[in-house]
Amino acid sequence: MSTDISAFDERERLEDALSSMEERKFNVMPVLAEDGSFVGTLVRRDAREATDGTSEQTAGDFCRKGLELHPLDARESALRMLERLRLRRLPVVEDEKLVGMLSFSDLAQYDAIEKELGNPASEGFPTEISERDDMLIEGRATYWNIGLSGLRSVKWAMSRVDMSAPSKILDLPSGHGRVLRFLQAAFPHAEITASDIDPDAVEFCHRTFGVATFTSHYDPHRIEVDETYDLIWCGSLLTHIDTDRWAS
């Protein structure tokens, strides 16, 4: 599920809520009480058909209970519920608290990850994304797609040199682990090192993935690396610097 979520206050004027949903192309939005507890789900098409357009009507008046999922619901049952209701996404609620939104695209991403990694690797796949990760700017779906594309590129290169499984991997620049998490899941027995010029990214990778780390430097001549590696993933580096620095 996606945890970067927005919701309406139950006192929100209904016409304003519907206008906001139409502008953002959202057909479903969760509605919360003043204390933050989950009230229900506002479905744009249903509310638009039922409203009389008066200013007194609120989002809370038209939201519905029973259109939410629980974090432990089976993936298959969540998919069936989305299909039955003809909706693209639904709120995920635990103990009357909104904890996320699950969409068809989230399920599709999970399927893609499972297909690439297989089980049980996909079951323990780390989904935490740092709030400071600039690569999340285009959304979670794009984030996962690019991470998967990195792993596929690595596998393609490995097939050209008959490498079955690397034992030591360096990810430089690692960022906050967009590709790193896929490398770790695909090669669980490899020793992995992450490096970046952003100290926060390095700390996040060490804490979240338990890999070895070192902080890189703007000047490559000042980067001290004593180890040797079977595989070095170097994505989004040359695209981020001027051409006169490429040679060094």
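Not measured: the values here are computed from a predicted model.

The rules behind each value
- Residues numbered from 1 in each chain as written.
- Predicted model: local features only at pLDDT ≥ 70, side-chain atom pairs only at ≥ 80, totals over all residues.
- Heavy atoms only, no water.
- Helix = DSSP H or I, 4+ residues; strand = E, 2+ residues; numbered from the N terminus.
- Polar contact = N/O pair within 3.5 Å; in protein donor to acceptor, adjacent residues only side chain to side chain.
- Buried < 20%, exposed > 50% of the residue type's maximum accessible area, 1.4 Å probe, protein only.
- Arc of directions from axis to C-beta.
- Contact = heavy atoms within 4.5 Å.
- Phe/Tyr/Trp six-rings, centres within 6.5 Å; stacked < 30°, edge-to-face > 60°.
- Lys NZ or Arg CZ within 6 Å of the ring centre and 35° of its normal.
- Pairing = 2+ DSSP bridges.
- Axes fitted to C-alpha atoms, helices over the stretch in contact; angles between N-to-C directions.
- Expected span 1.5 Å × (residues − 1).
- Salt bridge = Lys/Arg side-chain N within 4 Å of Asp/Glu carboxyl O.

Draft legend 1. Focus on the side chain of T41. Relative to the helices and strands, T41 is located in strand β3 (residues 38-43). A distance of 3.3 Å separates the side chain of T41 from the backbone oxygen of L67, its partner in a polar contact.

Draft legend 2. Structural view of helix α8 (residues 199-209). Those residues of α8 that fall on the buried side of the exposure criterion are A201, V202, F204, C205 and F209. Mapping the buried residues of α8 onto a view down its axis gives an arc of 165°, with all of them on the same face. Summarising the contacts, the buried residues of α8 are in contact with α7 (180-186), β7 (191-196) and β8 (212-215). Two or three places before D200, at the opening of α8, D198 has a side-chain oxygen 3.0 Å from that residue's backbone nitrogen. G210 lies just past α8 and shows a positive phi near 70°.

Draft legend 3. Molecular detail of the packing of aromatic side chains. Using the criterion set out here, one finds 5 aromatic pairs in the structure. With a centroid separation of 5.5 Å and 85° between ring planes, the pair formed by Y143 and W144 is classed as edge-to-face. We classify Y143 as buried; its relative accessible area is 0%. The exposure class of W144 is buried, given its relative accessible area of 6%. Here W144 and F182 contribute two aromatic rings whose centre-to-centre distance is 6.4 Å and whose plane-to-plane angle is 75°, an arrangement assigned as edge-to-face. Here F182 lies in helix α7 and W144 lies in helix α6 (residues 140-160), a separation of 38 residues in the sequence. Residue F182 is classed as buried on the basis of its relative accessible area, which comes to 0%. Taken together through their ring pairs, the aromatic side chains of F125, Y143, W144 and F182 make up a single cluster. In this structure, K168 packs its charged tip against the face of Y229, placed 5.8 Å from the ring centre. When the ring centre of Y218 is taken as reference, the NZ or CZ atom of R245 above it lies at 3.7 Å.

Draft legend 4. Highlighting the sheet that holds strand β6 (residues 168-171). Taken in spatial order, the 4 strands make up an open sheet running β8-β7-β6-β9, and their pairing is parallel. Edge positions in the sheet fall to β8 and β9 (231-233), since each has one partner strand and no second. The average angle at which neighbouring strand axes cross in this sheet is 20°, direction not considered. Sheet topology places β6 next to β9; 3 bridges connect them, and they run parallel.

Draft legend 5. Expanded view of the sheet that holds β3. Sheet architecture is open: 3 strands sit in the order β1-β2-β3, paired in mixed fashion. A single partner strand is all that each edge strand has here, and the edge strands are β1 (8-9) and β3. Looking at chain direction, β1 and strand β2 (residues 28-32) are connected through 2 bridges and run parallel. Pairing of F8 across the sheet is with V31, part of β2.

Draft legend 6. Local environment of helix α5 (residues 104-117). Over its 14 residues, α5 extends 20 Å from the first C-alpha to the last, a length consistent with the 20 Å expected when each residue adds 1.5 Å. Among the residues of α5, F104, D106, L107, Q109, I113 and L117 are the ones counted as buried. The positive-phi residue at the C-terminal boundary of α5 is G118, with phi of around 75°.

Draft legend 7. Summary view of the pattern of salt bridges. Counted according to the given criterion, the structure contains 16 salt bridges. Between R48 and E22 there is a salt bridge whose closest N-O contact spans 2.9 Å. Of the two residues, R48 is situated in helix α2 (residues 44-50) and E22 in helix α1 (residues 14-24); the sequence distance between them amounts to 26 residues. Given the relative accessible area of 31%, R48 is considered partly exposed. Given a relative accessible area of 37%, E22 falls into the partly exposed group. With a shortest N-O distance of 3.0 Å, R132 and D200 are connected by a salt bridge. Of the two residues, R132 sits in the loop between α5 and α6 while D200 sits in helix α8, which places them 68 residues apart along the sequence. The class of R132 is exposed, set by a relative accessible area of 58%. What emerges from the salt-bridge pattern is a single network uniting D9, R11 and E34.

On their own, these measurements won't tell you what the molecule is for.
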